[in-house]
Amino acid sequence: MTPRRIKRLLGKSAFYLLLAVIGLYTVFPFYWAIVSSLKTGSELFQVDFWPSHPAWHNYVAVFQEQPFGRNILNSLFVAVSTVLLSLALALAAAYALGRVQVRGRRLLLFVILGVSMFPQIAVLSGMFELISSLGLYNNLLALSFSYLIFTLPFTVWVLTTFMRELPQELEEAAIVDGATPFTIVTRVFMPLMGPALVTTGLLAFIAAWNEFLFALTFTLTSDMRTVPVAIALISGASTHELPWGNIMAASVIVTVPLIVLVLVFQRRIVSGLTAGAIKG
C-alpha cells in the first residue's frame, strides 16, 4: 500500500470518526431522555443503557394527571397560526422590500432585524399591557400574535433574500399579461419559493412550539397552557416529589413531532438554506 493511499485512508477514517462523534453527541441526549422516561423512583439515579423493567405507565400518567392532550392541541394551534401569520406577512413584506424600488428599504430591513435582537424579557411588560388592553389575556390568540416578535424578522429576511434572486423576466411577463401584485406573489413567486417557505415555516413552528416565557405569562388556566408550560408545572402532588419519569415522558412526546417534521422536510430545508448562496 502506497503512502498516498495510506494517507487517504487515514483521512477518510478520521472523517467518519468525526461524523460518529458528532452523531453520538447529537443523538445521545434524546436517547437518554427516552431511557429516563421509562424509569421510576431510585432507578432514575442508576446508569442503565436500558431499564430492566420499563415503566410505560409514565406515558399514560402524563395524560391522566393533567389535560396534556389539550395542551398539545393548544401548542399545535399556536404554532400553526403563528407560521401562517408569519409567512403571509413576510411574503408581502418580502415582495415590497425585494422587488419594489423604494427609498430606505435597507434601513427598514435592519430595523426589522434589530427588533429580533431584544431579549423577550425586555418586551414582556409592554406585551403584557398590549395583550391585556386587547382583551386577549388567557387566550391562545395572544400567543399567536406575540410570537410574531421573534418569528417575523427572521422570515422577512430569508424570504426577502430569496425574492431578490428570482428572475426579473418572470415578473415582467406577468405584468404584461395584466397580473396584479397579489397574483404575481401567489401564482408566480410562491411556487418557486417552496424551499424557502418550508424552511422559514418549519423554523418558526419550532420556535413557537418551544416558547416558554410568553406562554407562561399570557396564560393562566391549565386548559389554555401550551406544552412547555404544562411540562414545567408537572408536580408530584401526592408524593411531594417531582415525577421525573413523567416529565421526561412528556418531553419525549412533544419532541417526536419536531423530529418527524425535520426528517420529512430535510431536503427542502437544505435547499431553502443554500438557495441564496448558489444563485447569481
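From a predicted model like this one, the values you see are computed outputs, not experimental measurements.

### Concerning the overall build of the chain
Thinking step 1. For the chain, the count of helices and strands is 14 helices and zero strands.
Thinking step 2. Order of helices (α) and strands (β) in the chain, N terminus to C terminus: α-α-α-α-α-α-α-α-α-α-α-α-α-α.
Thinking step 3. Taken over the C-alpha trace, the chain has a radius of gyration of 24 Å; the compact-globule value for 280 residues is 19 Å, which it surpasses by more than 25%.
Thinking step 4. Overall size of the chain, expressed as C-alpha extent along the three principal axes, is 75 × 70 × 30 Å.
Thinking step 5. Of the roughly 16700 Å² of accessible surface on the chain, a fraction of 69% belongs to carbon and sulfur atoms.
Thinking step 6. A distance of 17 Å separates the average location of the 17 positive side-chain charges in the chain from that of its 12 negative side-chain charges.

### A short note on helix 5 (residues 120-133)
Thinking step 1. In this model helix 5 runs 19 Å from its N-terminal to its C-terminal C-alpha over 14 residues, within 8% of the 20 Å that 1.5 Å per residue would give.
Thinking step 2. Where helix 5 is concerned, the buried positions are Leu124, Met127 and Ile131.
Thinking step 3. Turning to helix 5, the residues buried within the fold contact helix 6 (140-146), helix 7 (148-164) and helix 11 (213-218).
Thinking step 4. A positive phi of about 75° marks glycine 135, the residue just after helix 5.

How each quantity is defined
- Residues numbered from 1 in each chain as written.
- Predicted model: local features only at pLDDT ≥ 70, side-chain atom pairs only at ≥ 80, totals over all residues.
- Heavy atoms only, no water.
- Helix = DSSP H or I, 4+ residues; strand = E, 2+ residues; numbered from the N terminus.
- Rg over C-alpha atoms; globule rule 2.2 N^0.38 Å.
- Areas by Shrake-Rupley, 256 points an atom, 1.4 Å probe, with all protein chains shown as cover.
- Lys, Arg positive; Asp, Glu negative; His and termini not counted.
- Charge placed at Lys NZ, Arg CZ, Asp CG, Glu CD.
- Expected span 1.5 Å × (residues − 1).
- Buried < 20%, exposed > 50% of the residue type's maximum accessible area, 1.4 Å probe, protein only.
- Contact = heavy atoms within 4.5 Å.

By themselves, these figures tell us nothing about what the structure is for.
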